[in-house]
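# Coordinates in review
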Amino acid sequence: MKIQKRIAVLAGDGIGPEVIDQAIKVLKAVEKTFGVDFIFKKGLVGAAAIDATGNPLPDETIALCEKSDAILFGAIGDPKYDNDPNAKVRPEQGLLKLRKTMGLFSNIRPVKAYDTLLHISPLKADNIKGVDFVVYRELTGGIYFGKKTRSADGQHASDLCEYSAPEVERIANQAFMAARLRRKKVTLVDKANVLETSRLWRDVVKKLAVSYPDIELDFLFVDNAAMQMILNPRQFDIILTENMFGDIISDEASVITGSLGLLPSASVGAKTAMFEPIHGSYPQAAGKNIANPMATILSAAMMLDYFGLHEAAEAIRKSVDVLLEQNIVTKELNWEKYYSTTDIGNRVAELILKHNPVNT
Ligand code: IPM
Ligand code: MN
C-alpha cells in the first residue's frame, strides 16, 4: 500500500508562505517520483493568526497539528509587533506555545560549509572548508519559558532560567545517539563558571556519558564557544546546549554556510515533529519572490528522513547541491546573476521528477 502522511502546513508570516509553497511543490514532485501520498492541511499561526482570530496559535491549529504526522512551518514575526514593546499578543508566542504544546524539546540544526559557497562567507575559506556539525538545542525549557516579572512601576524585570535533570537527560541522550552515527564527539556548551543551571547540565551530561563510552565528550563555555566557532569550526561534531545559547550560536553558525536561507531544522519530542527553516519572516523581502526557499526545502528533506523516506530526502539534498554547484541561487548568494524563489522551487522539483528511484 502507498505510504500516506498528513502534513500540517503552517506558513505564518513574511516570506513564510512563499518559501513554504516551494517546499510543497518539491514534496508534490516527491509524491510522483517515489509513489507516496501527502495530505497537506493549512493552519494559521503568528501575526497572520492574530490578524484573523486575535490569537497567535488558535485551538484549531493545535488540533490540526495533533492529528498530523508532521508539521511544516514557515516563519513568524511582523515589524508591527517588534516595534511595539507593549504589545499584549505577539506572533512569537504562537511558535513558543506550539513548541511547548507539542513537547518539541529537541531542536536539531545541521550546519555545513558547501564547497561551492566558501567564497560567500565572510570567514576565510581555509577555516571553514569541510565544516559539518549539528546543533542540538533544548527547545522547551530555560529562560524562554521561566517565570517573567515586571514591577508595577515598570522599572524592574526578571526572567527565570530553570532546568530539571530529566529535561537535560532526554535531549542529551538524543545528542549522544546522533554522535554515534557521525564523528562520535559531543561538545556541551554552557556557562558553568557562572550559572547553576549550567552546572546541572554538566552533572547530568557527565553521568550520562558513562553509558556512551565510544563518544568523546568535551565542554566549552558559551563565550569561548562563540569564538571557537569562528576560529576553528571544524572541531565540532555535535553541539549540545540549552535553549537561549542554542538560539544565539545557531545564527552565528549560519555565517559559516554563507546564508541563513540555507539552514533547515527539525524539532522533535513527545508529539508531532516539526520542520522549519531557521531564518525568520524577513518582512523586507516578503512578496518580492527573492527569498531563498532552500532552507525550507531542506527542512522538508529532514521531514522525509523522519518518515523513513531516506532516498527521497537524499534526492532533495542532492538537487539542492546541484543548483548550488551551478550557481543557480537567490539574490543574497549572487547579486550579479540570481534566480527567484519560484525558479529555485521549480528547478528542485524538476530534478526530483527526473530522479530514478531505486526502491519503489
Ligand atoms: C528561532 C527564532 C525563535 C527563537 C523566535 C522567533 C522566537 O529565533 O527559532 O531561532 O528565539 O527560538
Ligand atoms: Mn533564533
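For clarity, every value in this text was computed on a predicted model and none was experimentally measured.

## As for the pairing of strand β3 (residues 70-75)
For β3, a buried count of six out of six residues is recorded, marking the element as mostly surrounded by other parts of the structure. With five bridges joining them, strand β1 (residues 4-12) and β3 adopt parallel strand pairing. Directly across from Val9, in β3, lies its bridge partner Leu72. Inspection of the sheet shows β3 paired to strand β12 (residues 273-277) by three bridges, in the parallel sense. Paired with Ile71 across the bridge in β12 is Met274.

## Regarding the site of ligand 1
Every residue near ligand 1 is listed here: Glu92, Arg99, Arg109, Arg137, Tyr144 and Asp247. Between ligand 1 and Arg99 there is a distance of 2.7 Å, counted from an oxygen atom to a side-chain nitrogen or oxygen. Separating an oxygen atom of ligand 1 from a side-chain N or O atom of Asp247 is a distance of 2.9 Å. When ligand 1 is considered free in solution it has 320 Å² of accessible area, and contact with the protein chains removes 77% of it. Among the detected pockets, ligand 1 sits in the largest pocket. When its residues are assigned to classes, the shell around ligand 1 shows one nonpolar, no polar and five charged.

## Overview of helix α11 (residues 294-306)
Residue pairs three or four apart in sequence face the same way in an α-helix, which turns once every 3.6 residues. When the terminal C-alpha atoms of α11 are compared, their 18 Å separation across 13 residues agrees well with the 18 Å that a helix rising 1.5 Å per residue should span. With 11 of 13 residues buried, α11 is to be regarded as a mostly interior element. Looking only at α11, the buried set comprises Met294, Ala295, Thr296, Ile297, Leu298, Ser299, Ala300, Ala301, Met302, Met303 and Leu304. In the stretch just after α11, Gly308 is the one whose phi turns positive, near 85°.

The rules we used
Residues numbered from 1 in each chain as written. Chains lettered and ligands numbered in written order. Predicted model: local features only at pLDDT ≥ 70, side-chain atom pairs only at ≥ 80, totals over all residues. Heavy atoms only, no water. Buried < 20%, exposed > 50% of the residue type's maximum accessible area, 1.4 Å probe, protein only. Helix = DSSP H or I, 4+ residues; strand = E, 2+ residues; numbered from the N terminus. Pairing = 2+ DSSP bridges. Near = heavy atom within 4 Å. Polar contact = N/O pair within 3.5 Å; in protein donor to acceptor, adjacent residues only side chain to side chain. Areas by Shrake-Rupley, 256 points an atom, 1.4 Å probe, with all protein chains shown as cover. 1 Å grid on protein atoms, 1.4 Å probe; cavity = no way out; pocket = protein on both sides within 12 Å on 5 of 7 lines; lining within 4 Å. Sits in = over half its atoms within 2 Å of the grid points. Nonpolar A, V, L, I, M, F, W, Y, C, P; charged D, E, K, R; others polar. Expected span 1.5 Å × (residues − 1).

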